Structures are given as structure tokens and as C-alpha cells.
Amino acid sequence: MNSRLFSQYRIDIKKLIRIATPIGLAQLAQTGMGTVDVIMAGRVSSADVGGVGIGASIWLPLVLFGQGLLLALPPTISYLNGSGQRHRIAHQVRQGLWISFLVMIPLALIIYHNDFILQFMNMDAHMADVTMNYLRAMVWGLPAYLLLINFRCLNDGIAKTKPAMVITFMGLMLNIPLNYMFIYGKFGAPALGGVGCGVATAIVNWAMAILMITYSAKNYNERSLKVFEKIIEKPDIKTLKKLTALGLPIAIALCSEVSMFALSSLLLSPLGADVVASHQIALNTSAVAFMFPMSIAMAATILVAQELGNHAPQKAKIMAHAAIILGLIAASVLALVIWVFSAEIAALIVGDNATVIALSGSLLAMAAIYQFSDSVQVVVSGILRGYKDTKIILYITLLAYWGVGIPVGYILSRTDWIVPSIGAKGFWVAFIIALTIAAALLFMRMRKIQSQSDEAIIQQLERLK
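Summary of the structure given here. Here the structure is a predicted model, which is why all the values come from computation and not from measurement.

## Examining the nonpolar core
So, step 1. If you look at the biggest cluster of nonpolar residues, it comprises 75 residues, and the most contacted ones within it are Leu16, Leu308, Ile383, Tyr387, Trp428 and Phe431.
So, step 2. Considering each element in turn, this core owes the most residues, 16 residues, to helix H12 (residues 273-309).
So, step 3. Residue contacts for Tyr387: discarding those within four places in its chain leaves Val304, Leu308, Pro313, Ala316, Lys317, Ile449, Gln450, Ile457 and Leu461.

Right under this line is the structure:
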């Protein structure tokens, strides 16, 4: 590597860190809200905390579908911003509002009428009641959540990632007193138990959405975009088709990934509470670790699309490689931390349960190995979104997670077909295999796109803008 290229990598890595850090902190704050819900509901009863947990597992893949559709906006906005077409950004944001509205209706109906899902789960009656009413409270915050994401995508697209971080942390700080108020019945509010978490989250979502919209309307850099001059405009079928074609594969891929991890827990449930608990510890640890490469991936989407908007595919290529290098550095640090502190991580969650700590130790060691493939696949996915090449992400995700991950995990953990059953380890072996396949195939796709001529890349992007 020559010194000039090394210097460019260093500059690009600094840019990525500057944009990725607020994104990562915002993700941590968002996760913190869920953690606070579980801790505070747990002080009421196990049924309340169970109801909140199951409700969240139903809510998350559904809202991620809506969020995935809107993730078509950042690369589109970044490209227009980089190509000197800022006057077209407002139109994309307004059409994003139509996407939010159209997807909100089916999502709200599914979430509100969640009893048709719960009837297939053999749940304690009180836990089922908490889950149902928790989700019915949450659904009132769904429009606000989609509005928040729509305007967050505007800010992310023009590389303004700090507002989302600040607003999400403000939401976390608001969530705690609201939980206290509605869970335990303080300050004249009814004591709703776990359902109070849903009420509090719905209020927090509206507060964050109002703050994000207000910032977008008042910020000088965004006022020049004139988004709010004609905030309600007619649906533009051509633009909606392009945004949906870009966002739908992202939405389905996000759902399939979350569903794979949820299904692995269900398939392991016959092996006993200790096995499920240790598996959940490893999953939760990986979920927190995932936020770091995920934030790098989102930064890569923004900066790669921006360079392509500048008609500089070679600079976009260098930026992409810098993102992968940064992702591997992050994976190395995360893997080392998980490996060295596996016992402490497990003890922090389950206390002094020696059996669960011992089982968790082996799974966390595998979770450490898994960081490398996971980092590469998510960062390269972010890069491909910058190139507006999202269909391949869906195909590879479905193949790796559902074609390989779930079947191999089930065979290794629940059967003796290949080797004697290895319990929860079977799914972690499968996760590593599936993510490695995904990482390799996505990397090959990225290389194929980057091997094209600059003119061919730009022409393809111009057709999609």
C-alpha cells in the first residue's frame, strides 16, 4: 500500500468515525429504552416482564419492516446532495411521508389485533393479557416512530447524525420517569404494570418525532432545502416506485434477520430454561456489539453515496474499503472484549447462576468469533446500499439465514443426524457459517460493481435517482 493511499484511508476512516459515532450512540440509547422497560417491569411480576419481552419481539420485526422501507432515503438524499441536486431532496422526504402513511396502516392493524398471533402461543393468561395491551398501547406511537425515522433519514442523508443521537438520549431520559409513572401508578396515573411501558414508549416516540421535525424545520442547513414549504404533496408514483424498489429488499432483509434469531430461541426452548437463558445472553451481547459495525455501515452508506453523487466512483471505492477496514478493527476489539469478559458478562445478567454462566461462556466464545463475519456482512451491505444495489442483499440474506442458518442450526442443536446434538452451540456454529457465506457473497457483489467502468456505475445510478 503506497503512502498516498494509506493517507486517504486514514482521512476516510476519520470521516466514518465522525459520522458513525453519533449513530452508534443513538442506537445504544434506543436499546437502553428496551432495557429500562424490562428492568422496571420486572419489579412488578415475571408475567409483566415476560409480556413486555414477547410484545417487543412482535413489535420489533414489524416496525423494522417500516423502517427498512424508509432506509431508501439516506442513499438517495446523499447522492442528490453530493451531485448538486439539493433542490430534489425535499420531494424525496415528502414522498417518504406517503410511504410512512401507507405502511403504517397494515402494521397498525397487525399490532393492534395481536390476539390472532398470541392464540398460537401457549402463554399464561395474565402474560398474554399484558402482551396484548402493551402492544395496543405501543401502536399509538407507531405514526410518531415512522415520522421520526423519515426525518432522521433526511438528517442522516445530509450527514447530520448528531441530532438523532441527542434526541434519542433525551427520549431515554424521558422514558424512565414516564415508566415510573405508568408502571407503578405515580403522580395520579393508573398503575398499569408492564402495559405502562407501552404507554410511556408511545409518548416518548411522539416527543422524539416532534423534536426531530422541529430541528429539521428550524436548522439553517435544512431550511434551504424547503422541505416544509409544501410539506403535503400528491403521491408521485414514479418516485414511490423507485424508493420502494430500493427500500423493500432492505425491509424484508431486516425482518428475516431478526426473525432468524427469534426462531432460534423458540427452537431451543424444549432443551430447558438454562439453555435458553445462556443462548439469550449470547444473543443480547451480540445485539449490543452489532450496533458498532451497524453504525459504520450506515456511515458507509451516506459517504459512499455522497462520493458517487460527486461522480467520483474511485473515491467511493476507497471509502468502501476504509469502511471494511474500520469494521474489522471494531470486530477485533469487540471479539477480544467478549472473549476475555465472557464470565463477567453472563454474571452481570444472571447473577450467580453457575450453570447458566458456564453454558454462556462457550456460547460467548463463539459469539466473539462471529463478530468478524457479522461486521463484514453488515458493512458491505451498507456499502451496497450506497450503490443503491439492495435486491442482492435480500437474496443473499434469505439464502444465508433461512437456507443455511436455520436448517443447519436445527440439525446440529436438535438432532443426531450429522453429529450428536450439541445444544445451543449448534445454532452458533450455524450463525458463523451463515454469516461467513453472507459476507463472502456480499463482498463478491461489491467487487463486481466496483470493477465496472466509472461511466457504467454513474449511468446506473442516474437511472435510479
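## Let's talk about a nonpolar patch on the surface
So, step 1. Taken together, the side chains of Ile325, Ile329, Val333, Leu336, Val337, Trp339, Val340, Phe341 and Ile369 present a nonpolar region at the surface, about 840 Å² in accessible area.
So, step 2. Here Ile329 is to be found in helix H13 (residues 313-340).

## Side note on the packing of aromatic side chains
So, step 1. Per the counting criterion, the structure on display carries nine aromatic pairs.
So, step 2. Measuring from centroid to centroid gives 5.1 Å for Trp428 and Phe431, while their planes differ by 80°, and the two rings are edge-to-face. Here Phe431 and Trp428 lie together in helix H17 (residues 424-450), a separation of three residues that amounts to about one turn.
So, step 3. Stacked on the ring of Tyr112, the Lys or Arg Arg136 has its end atom at 4.7 Å from the ring centre.

## Quick word on unusual backbone geometry
So, step 1. The backbone phi angle of His311 is positive, close to 60°, even though this residue is not glycine.
So, step 2. On the secondary structure map, His311 appears in the loop between H12 and H13.
So, step 3. Residues other than glycine seldom take positive phi values, yet Lys388 does so here, at roughly 60°.
So, step 4. Structurally, the position occupied by Lys388 is in the loop between helix H15 (354-386) and helix H16 (391-414).
So, step 5. Taking the relative accessible area as the measure of exposure, Lys388 reaches 8% and is therefore buried.

## Examining the packing of helix H1 (residues 3-42) against helix H9 (residues 195-218)
Packed helix pairs are specified by the crossing angle of their axes together with the interaxial distance, meaning the distance between the axes.
So, step 1. Look at H1 against H9: their axes get within 11 Å of each other, and the N-to-C directions meet at 155°. Between H1 and H9, the interaxial angle falls into the category roughly antiparallel. Read as a crossing pair, H1 and H9 show a hand that is right-handed. Across from Gln30, Met33, Asp37 and Ala41 in H1, the residues of H9 making contact are Cys197, Thr201, Val204 and Met208.
So, step 2. Grouping the amino acids of the contact of H1 with H9 by side-chain chemistry returns five nonpolar, two polar and one charged.

## Topic: the side chain of Ser78
So, step 1. Structurally, Ser78 is set in helix H3 (residues 73-82).
So, step 2. In terms of polar contacts, Ser78 uses its side chain to reach the backbone carbonyl oxygen of Ile302, at 3.5 Å.
So, step 3. Beyond its immediate stretch of four places on either side in the chain, Ser78 contacts Asp156, Gly157, Ile302, Ala305 and Gln306.

## Overview of the environment of Lys234
So, step 1. Looking at the element boundaries, Lys234 is found in the loop between helix H10 (220-223) and helix H11 (237-268).
So, step 2. Overall, the relative accessible area of 72% leaves Lys234 in the exposed class.
So, step 3. Measuring from C-alpha to C-alpha, the distance between Lys234 and Gln95 comes to 8.3 Å, with 139 residues separating the pair along the chain.

Definitions and cut-offs
Residues numbered from 1 in each chain as written. Predicted model: local features only at pLDDT ≥ 70, side-chain atom pairs only at ≥ 80, totals over all residues. Heavy atoms only, no water. Core = buried A, V, L, I, M, F, W, Y, C linked by side-chain atoms within 4.5 Å. Buried < 20%, exposed > 50% of the residue type's maximum accessible area, 1.4 Å probe, protein only. Helix = DSSP H or I, 4+ residues; strand = E, 2+ residues; numbered from the N terminus. Contact = heavy atoms within 4.5 Å. Patch = residues over 30% accessible without salt bridge, like charges linked within 9 Å, V, L, I, M, F, W, Y side chains within 5 Å. Areas by Shrake-Rupley, 256 points an atom, 1.4 Å probe, with all protein chains shown as cover. Salt bridge = Lys/Arg side-chain N within 4 Å of Asp/Glu carboxyl O. Phe/Tyr/Trp six-rings, centres within 6.5 Å; stacked < 30°, edge-to-face > 60°. Lys NZ or Arg CZ within 6 Å of the ring centre and 35° of its normal. Axes fitted to C-alpha atoms, helices over the stretch in contact; angles between N-to-C directions. Parallel < 35°, antiparallel > 145°, perpendicular 65-115°, else oblique. Left-handed = near helix turned anticlockwise from the far one by under 90°. Nonpolar A, V, L, I, M, F, W, Y, C, P; charged D, E, K, R; others polar. Polar contact = N/O pair within 3.5 Å; in protein donor to acceptor, adjacent residues only side chain to side chain.

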